[in-house]
Amino acid sequence: MEDQNKTSRTKLIISRLFAYIFVGFFCILCIFFFYLLVLNSTKTNFELQGKFSFIPGTNFITNFTNAINDDFVKIPVGMVNSFIVASISALLTTYFSALTAYATYVYDFKLKKLVTTFIIGVMMIPSQVSAAGFVQLAFKFGLTNKLWVLIIPSIAAPAVYFYMKQYLEATLPLEMIEAARIDGSSEFATFNRIVLPIMKPAVAVQMIFSFVGSWNNFFLPGLLLTEPELKTVPIMISQLRSADFAKFDLGKLYMFILLAILPVVVVYLLLSKFIIKGVTSGSVKG
């Protein structure tokens with residue numbers, strides 16, 4: 001009996017060891033490439049063209065200043081535009097998707113299953129197909145070169161709705177809604193004060209995904225934005241393809257890329273605590 005316990009314990013330790021090694025390897029791999037980006041952004045163009053070294057350079061401030069003041073790629077303008085579009089899109093997407101999921105989960109009405117099936121069916125349609133008609137409509141009514149034209153389509157997000165509905169079904173008992181109604185709470189007050197706090201982990205996850213997706217979106221901004229002062233970060237980074245890299249400062253180039261992904265990292269770090277808290281705390285608090 002003792003031998004069997006020792007054998008099972010040994011197997012458990014070995015399996016955990018392999019799991020830690022596997023996870024640790026991929027964590028190091030992910031961090032390594034980010035470290036290389038930061039490392040290269042600290043070096044001069046001459047150092048980057050020479051022998052590779054893991055030792056950071058001393059040109060970080062110079063590269064940062066050159067990137068900020070570059071006339072060809074106005075990265076501060078692009079970051080402000082991208083942040084406005086991505087942050088508002090993430091907020092509206094998660095809120096209205098959660099509200100729609102709440103309505104289809106809590107209320108019983110005719111064609112409820114049909115509405116849910118239709119919304120999920122929209123997920124099967126490629127975004128490029130629907131974007132073609134939207135772009136044509138935007139040009140027809142003169143809606144180009146406006147940041148809000150990139151925000152409005154993001155409100156309808158079937159994938160976010162589906163995730164929210166699954167989360168509600170797993171965490172929100174209908175008895176809690178009934179109790180709130182008995183206490184005289186209005187429907188919007190119930191949703192905003194009771195349901196949304198319960199959905200914090202789901203909202204945080206979808207805000208990260210929505211923010212990153214909107215920040216990295218190149219398709220619609222590339223078609224609808226032509227004014228230089230309205231261009232977003234992906235469009236500006238794509239302009240680097242036309243640059244002459246024989247005469248281009250590679251240190252400034254890596255700084256451009258670092259500045260382009262830095263807001264995404266910051267948003268993840270700010271919202272990740274809600275994800276961890278949601279996983280560790282369990283589900284609904286009474």
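Read on for a plain summary of the structure.

Cut-off values and rules
Here, residues in each chain are numbered from 1, in the same order as that chain's written sequence. Two thresholds apply to this predicted model, a pLDDT of at least 70 for residue-level local features and 80 or more for giving and counting side-chain atom pairs, whereas whole-chain, interface and lining totals are computed over all residues. Note that the side-chain values use all heavy atoms of the structure and ignore hydrogens as well as water. Classification of ring pairs rests on two measures: the distance between centres of Phe, Tyr or Trp rings, Trp counted by its six-membered ring, which must be within 6.5 Å, and the angle between planes, read as stacked under 30 degrees, edge-to-face over 60 and tilted in between. Think of it this way: any DSSP run of H or I at least four residues long counts as a helix, any run of E at least two long counts as a strand, and we number them from the N terminus. Throughout, exposure labels follow a simple rule: accessible area from a 1.4 Å probe, protein chains only, divided by the maximum for the residue type, with under 20% read as buried, over 50% as exposed, and the rest as partly exposed. Our working definition of a disulfide is a cysteine sulfur pair at a distance within 2.5 Å. Any two residues having at least one pair of non-hydrogen atoms within 4.5 Å are treated as being in contact. For our purposes a nonpolar core is just a set of buried Ala, Val, Leu, Ile, Met, Phe, Trp, Tyr and Cys residues, chained together by side-chain atoms within 4.5 Å. Salt bridge, as used here: a side-chain nitrogen of Lys or Arg that lies within 4 Å of a carboxyl oxygen of Asp or Glu.

### Quick word on the packing of aromatic side chains
Summed over all chains, the structure comprises 11 aromatic pairs. For the ring pair Y102 and F191, a centre distance of 5.3 Å and an interplane angle of 50° mean the geometry is tilted. Note that Y102 is positioned in helix α4 (residues 75–106) and F191 in helix α10 (residues 187–198), a separation of 89 residues in sequence. A relative accessible area of 0% means that F191 is categorised as buried. On the numbers, 5.8 Å between centres and 20° between planes, the contact of F211 with W215 is stacked. Placement of the pair is F211 and W215 together in helix α11 (residues 200–215), with a separation of four residues, close to one helical turn.

### Details of the state of the cysteines
All chains considered together, the criterion is met by zero disulfides. No disulfide involves C30; its sulfur sits 6.7 Å from the nearest other cysteine sulfur, which is in C27. With relative accessibility at 57%, the residue C30 sits in the exposed group.

### A look at the side chain of N81
Relative to the helices and strands, N81 is located in helix α4. The exposure class assigned to N81 is buried, which follows from its relative accessible area of 6%. Excluding anything up to four places from it in sequence, N81 contacts L147, E229, L230, K231 and T232.

### A closer look at the nonpolar core
Judged by nonpolar contacts, the single largest core of 48 residues is most densely connected at Y102, M164, L168, L172, V195 and M199. Those elements that provide at least two residues to this core are α4, α8 (158–171), α9 (174–182), α10, α11, α13 (233–238) and α14 (250–281). Considering each element in turn, this core owes the most residues, 10 residues, to α14. Filtering out sequence-adjacent residues up to four positions away, M199 remains in contact with A98, M164, Y167 and L168. Formed by 13 residues, the second largest nonpolar core is a distinct cluster that contains V85, A131, A138 and V149.

### Remarks on the pattern of salt bridges
Tallying each qualifying case throughout the model produces five salt bridges. In this structure, K112 engages D108 in a salt bridge whose closest nitrogen and oxygen atoms are separated by 3.3 Å. Classification of D108 as exposed rests on a relative accessible area of 71%. The partner of E187 in a salt bridge is R181, with the nearest N and O atoms 3.0 Å apart. Judged by its relative accessible area of 30%, E187 is partly exposed. Judged by its relative accessible area of 28%, R181 is partly exposed. Put simply, E178, R181 and E187 are held in one network by salt bridges that share partners.

These values are about where atoms sit, not about what they do.
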